[in-house]
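Listed below are the residues making up each chain.
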Amino acid sequence: MRRALVLVLAFATMHFAPAVAWAQDKVDFSGNWILDGSRSDAPTGRDAGAGPVTLVIKQTATQVTIETTRGKLIQTVNYKLDGSVNTNRAANGDMTLSKSRWDGGKLITEGRGALGESVVTTREIRSLDASGKTMTVEVISSTSQGSGFISSCNQPSTTCTGTKQVFTRTSS
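The residue numbering used here restarts from 1 in each chain and proceeds along that chain's sequence as written. This being a predicted model, a pLDDT of at least 70 is required before a residue's local features are given, and a value of 80 or more before pairs of side-chain atoms are given or counted; all residues contribute to the totals for chains, interfaces and linings. Water and hydrogen atoms play no part in the side-chain values, which are based on all heavy atoms of the structure.

1. Some thoughts on the environment of Leu-55
1) Next: Following the sequence through the fold, Leu-55 ends up in strand 2 (residues 53-59).
2) Next: The exposure class of Leu-55 is buried, given its relative accessible area of 4%.
3) Next: Counting along the chain gives 21 residues from Leu-55 to Ile-34, while the straight-line C-alpha distance between them is 6.4 Å. Labels follow the DSSP assignment, with helices taken as runs of H or I lasting at least four residues and strands as runs of E lasting at least two, numbered in each case from the N terminus. Three exposure classes are used, based on accessible area relative to the maximum for each residue type with a 1.4 Å probe and protein chains only: buried under 20%, partly exposed in between, and exposed over 50%.

2. Observations concerning the packing of aromatic side chains
1) Next: Working definition: a ring pair exists when centres of Phe, Tyr or Trp rings (six-membered ring for Trp) sit within 6.5 Å. Plane angles under 30 degrees give stacked, over 60 give edge-to-face, the rest tilted. Considering all chains together, one arrives at 1 aromatic pair under this definition.
2) Next: Look at Phe-29 and Trp-102: their rings are 6.3 Å apart centre to centre, the planes differ by 5°, and that puts the pair in the stacked class. Here Phe-29, found in the loop between helix 1 (2-25) and strand 1 (31-35), pairs with Trp-102, found in strand 6 (residues 95-103); they are 73 residues apart in sequence, far enough to count as distant.
3) Next: Note on Phe-29: relative accessible area 0%, which makes it buried.

3. Quick notes on the side chain of Asp-36
1) Next: In this fold, Asp-36 is placed in the loop between strand 1 and strand 2.
2) Next: By relative accessible area, which is 18% here, Asp-36 ends up buried.
3) Next: Polar contacts, as counted here, are pairs of nitrogen or oxygen atoms within 3.5 Å of one another; within protein the pair requires one atom able to donate a hydrogen and one able to accept it, and residues that are adjacent in sequence qualify only if both atoms are side-chain atoms. Here the side chain of Asp-36 touches Ser-38 through a polar contact of 2.6 Å, side chain to side chain.
4) Next: Within the local environment of Asp-36, its side chain forms a polar contact with the side chain of Arg-39, the two groups lying 2.8 Å apart.
5) Next: Those residues in contact with Asp-36 that sit more than four places away from it in its chain are Val-166, Phe-167 and Thr-168. We call two residues in contact when some of their heavy atoms are within 4.5 Å.

Any functional reading would require information that these geometric values do not contain.
Okay, here's the thing in structure tokens:
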């Protein structure tokens, strides 16, 4: 009887402990956030001078919804967390496609969309600091001219940019 109990406990430890550890790596981005301009790269294009940038993030086990407010512009995106394709609208109304996945405690979202005659690919890396009060979003974007899909910044006719945005949680 004692041997059977030991075997059951060993089996449970081997099979369920990795799942518990995996689940603990995921973080909860839910809450209200405001862009910390002093620790973020300066906004450009339509974001320049738009006023404060705020986020309202709602997260479940299967999806993250982010409502971004820039001045009078409000944009909402939904990211499924199961690796399936996300379909959202860019601020200009064009369709974007992306996939999101966890990499430890970081949420990685890779996507692409059209901007005029160019193809834009993006990679967002979203993470929290140890306190859970500061969120960093690193964005790498590449833009290629023409109809070809370019996923590397080392290709001809490709322009790459990287930005870092730091947000402070204002409420959970």
